[in-house]
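Okay, here's what each chain looks like letter by letter:
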Amino acid sequence: MYTKYCRRGLRGISIAILAISNVLFGPFFLSSTCSLSLNLNSAAIFLDPKEIRFCGLVENRTFDVTVNIANIHDLFGYEFKILWNTTFLDIVDIKVSPPETWGTNYFVAKNHVDHVNGTYWHVITAVPPSEGFSGNASLVTLKFKIIHIPLYPEIIRSEIRLIDTKLSDSDANIIPHHVINAVFIYEPIKPQILLQPSTLKVNATDSNFQLQLILNNTVCLYGMYIKLVFNYSLLRIVDLKYHKFLQEPYRFQSVGFNQENGEIWIEIESKPPAKPVNGSGLILDIIFVFRTLPSSSVNSTVSFQESLLLTPMGETLKHESLNATILFYPIFGDLNSDGEVNVHDLYLIAMCYGCRRGDSHWNEKADLNSDGVIDIFDMTFLAKHFNAG
């Protein structure tokens with residue numbers, strides 16, 4: 001993972017700390033922003049980045065937050081605590097980095113994480129021959145792990161806070177300072193159930209054709225009931241393949257179709273000790289054929305009649321369902337719809353050769369140039385496409 005965070009620097013009479021990174025990682029999006037503007041003489045201890053923003057499926061992802069100081073004079077010791085919401089986050093790693101001028105001449109009195117209450121406590125002092133530090137520095141880097149994400153459409157805005165901050169100079173006097181906290185923001189993505197491709201183009205040469213049922217961006221999924229409908233007078237199912245998505249064991253499982261009513265269904269629910277599923281994946285392969293090849297272009301929709309996604313607690317997951325359209329287009333010159341342009345199609349033109357629109361033997365399909373008469377030009381048109389298919 002590549003993540004760009006901000007760094008500190010002095011310029012003119014103010015310090016400006018600003019960084020924005022936008023990085024796309026597969027199904028999730030991370031944006032980190034740190035912004036701080038201080039007077040040159042204003043000491044501060046602050047968290048960097050100031051804002052950590054995620055969306056999508058990010059459970060178990062990690063990010064870094066650094067404790068920094070700026071505009072400090074004669075720092076000889078410091079103490080602070082950091083608080084966070086343990087429902088969503090936990091600390092998994094700590095890197096302590098006292099001011100470089102101290103070298104190894106320092107003593108760490110506290111470097112403790114309370115994972116239950118969401119507290120980190122850090123106390124450190126320089127020891128002789130170190131002298132007080134002046135300037136800007138990074139003191140500690142904390143690696144947080146996202147341990148829980150909510151269901152759509154709940155948005156998390158949870159502060160990561162510095163408290164009980166104490167900065168001491170070499171004479172054991174308080175160094176007045178500002179404190180700037182950070183915020184963790186999570187914005188969920190709406191789950192989807194969709195058929196792909198959304199538009200499937202087929203012609204008479206396709207012996208069969210496939211749609212796939214896919215779930216995207218699901219969170220805490222434990223059960224599903226999906227019912228699809230299709231034009232049973234036009235289409236017929238030749239195969240239906242379920243791809244395991246939910247974890248076993250199952251409380252019940254039913255996957256099937258009714259050819260005569262044009263229905264496909266999938267009804268599955270896990271049971272303990274199975275865990276809920278986060279993520280995206282393939283659910284069904286649906287293989288169709290035409291009952292009878294259409295004689296002209298046809299659009300047919302395979303659509304969701306019902307769709308229900310459930311959590312282990314029986315909560316309904318809000319989502320959107322996206323249908324698919326099967327588009328049949330005939331092969332030019334294939335007058336008998338057998339998937340080929342051959343001598344049989346020439347015979348069909350010959351049978352109505354010389355006819356005009358309105359005549360008793362008129363065949364609209366044989367008027368390939370649409371000029372209202374079936375003649376040598378139509379036959380030439382067809383011969384040009386001979387053996388197509």
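Think of each chain on its own: its residues are numbered from 1, step by step along the sequence as written. Restriction of local features to residues with pLDDT of at least 70 applies here, the model being predicted, together with a cutoff of 80 or more for giving and counting side-chain atom pairs; totals for whole chains, interfaces and linings are based on all residues. Side-chain figures throughout are based on the complete set of non-hydrogen atoms in the structure, without hydrogens or water.

1. A short note on the overall build of the protein chain
Step number 1: Helix and strand content of the protein chain: two helices and 24 strands.
Step number 2: Put simply, the protein chain has 389 residues, and 46% of those count as buried. Only DSSP runs of H or I reaching four residues or more are called helices, and only runs of E reaching two or more are called strands; each is numbered from the N terminus. Remark: exposure states derive from per-residue accessible area (1.4 Å probe, protein chains only) relative to the maximum for the residue type, with buried under 20%, exposed over 50%, and partly exposed in between.

2. Quick notes on the nonpolar core
Step number 1: To qualify as a nonpolar core, a set must consist of buried Ala, Val, Leu, Ile, Met, Phe, Trp, Tyr and Cys residues joined through side-chain atoms within 4.5 Å. If you look at the biggest cluster of nonpolar residues, it comprises 49 residues, and the most contacted ones within it are Met224, Phe288 and Ile326.
Step number 2: Among the elements that make up this core, the one with the highest residue count is strand E21 (residues 277–290) (six residues).
Step number 3: Leaving out residues up to four positions away in the same chain, phenylalanine 288 has contacts with Asn208, Phe209, Leu211, Phe230, Leu235, Arg236, Ile237, Val238, Ile264, Val302 and Ile326.
Step number 4: Core analysis: the next-biggest nonpolar cluster, separate from the first, contains 43 residues, Val65, Leu142, Ile149 and Leu167 among them. In what follows, a contact means two residues having at least one pair of non-hydrogen atoms within 4.5 Å.

3. Digging into the environment of alanine 137
Step number 1: Along the chain, the position of alanine 137 falls in strand E10 (residues 133–146).
Step number 2: Residue classification places alanine 137 among the buried residues on the basis of a relative accessible area of 12%.
Step number 3: Spatially, the C-alpha atoms of alanine 137 and isoleucine 72 are 8.9 Å apart, while their sequence positions differ by 65 residues.
Step number 4: Those residues in contact with alanine 137 that lie beyond four places of it in its chain are Val67, Asn68 and Ile69.

4. Describing the packing of helix H1 (residues 343–351) against helix H2 (residues 376–384)
Step number 1: For helices, the fitted line uses only the C-alpha atoms of the stretch in contact; every axis is such a line through C-alpha atoms, and the angle between N-to-C directions lies from 0 to 180 degrees. Packing of H1 against H2 brings their axes to within 10 Å, and their N-to-C directions diverge by 175 degrees. When the axis of H1 is compared with that of H2, the two are roughly antiparallel. Contacts from Asp345, Leu346, Ile349 and Ala350 in H1 reach Asp378, Met379 and Leu382 in H2.
Step number 2: The class makeup of the residues in the contact of H1 with H2 is five nonpolar, no polar and two charged. Each angle gets one of four labels, with under 35 degrees taken as roughly parallel, over 145 as roughly antiparallel, 65 to 115 as roughly perpendicular, and the rest as oblique. Residue classes follow a fixed rule: Ala, Val, Leu, Ile, Met, Phe, Trp, Tyr, Cys and Pro count as nonpolar, while Asp, Glu, Lys and Arg count as charged, and any other residue, Gly among them, counts as polar.

5. Some words on unusual backbone geometry
Step number 1: The peptide bond linking aspartate 48 to proline 49 adopts the cis configuration, its omega dihedral lying at 5 degrees.
Step number 2: Positionally, proline 49 belongs in the loop between strand E4 (44–48) and strand E5 (51–55).
Step number 3: A cis amide bond links tyrosine 152 with the next residue in sequence, proline 153, at an omega value of 10 degrees.
Step number 4: As for its position among the elements, proline 153 is in the loop between E10 and strand E11 (156–169).
Step number 5: Backbone geometry at asparagine 71 places phi at a positive 60 degrees, although glycine is not the residue there.
Step number 6: Mapped onto the elements, asparagine 71 comes out in strand E6 (residues 62–83).
Step number 7: The phi angle at alanine 172 is positive, at roughly 65 degrees, despite the residue not being glycine.
Step number 8: Along the chain, the position of alanine 172 falls in the loop between E11 and strand E12 (178–180).

6. Concerning the side chain of asparagine 217
Step number 1: Among the secondary structure elements, asparagine 217 is positioned in strand E16 (residues 209–221).
Step number 2: Judged by its relative accessible area of 14%, asparagine 217 is buried.

7. Brief notes about the pattern of salt bridges
Step number 1: Within this document, salt bridges are pairs made up of a side-chain nitrogen of Lys or Arg and a carboxyl oxygen of Asp or Glu, the two lying within 4 Å of each other. The final tally for this structure, using the stated rule, is ten salt bridges.
Step number 2: Notably, a salt bridge pairs lysine 81 with aspartate 164, separated by 3.6 Å at the nearest N-O pair. Pair noted here: lysine 81 is in strand E6 and aspartate 164 is in strand E11, with a separation of 83 residues, a long-range link.
Step number 3: Residue classification places aspartate 164 among the partly exposed positions, given a relative accessible area of 41%.
Step number 4: Arginine 251 is the salt-bridge partner of glutamate 269, the closest N and O atoms lying 3.2 Å from each other. Remark: arginine 251 occurs in strand E19 (residues 250–258) and glutamate 269 occurs in strand E20 (residues 263–270); sequence separation between them is 18 residues.
Step number 5: One connected set of salt bridges, linked through shared partners, spans Glu51, Arg53 and Glu187.

8. Here's the deal with a nonpolar patch on the surface
Step number 1: A contiguous nonpolar patch, built from Val96, Tyr106 and Val108 and spanning about 190 Å² of accessible area, is present on the exposed surface.
Step number 2: By the secondary structure assignment, tyrosine 106 is in strand E8 (residues 106–114). Like charges within 9 Å and nonpolar side chains (Val, Leu, Ile, Met, Phe, Trp, Tyr) within 5 Å are joined into patches, using only residues over 30% in relative accessible area that form no salt bridge. All accessible areas in this document rest on Shrake-Rupley with a 1.4 Å probe, and a residue is counted as covered only by the protein chains that are shown.

9. A look at the sheet that holds strand E24 (residues 324–328)
Step number 1: Taken together, six strands build an open sheet; the order of strands is E15-E24-E22-E17-E20-E19 and the sheet is mixed. What marks the edges here is a single partner per strand, and that holds for strand E15 (199–202) and E19. Adjacent strand axes in the sheet meet at a mean angle of 10 degrees, parallel and antiparallel pairs treated alike.
Step number 2: Two strands pair under a simple rule: DSSP has to find at least two bridges between them. Sheet topology note: the strand E22 (residues 298–310)/E24 ladder contains five bridges and is antiparallel. In the sheet register, threonine 301 faces E24, and the bridge partner there is threonine 325.

By themselves these figures say nothing about function.
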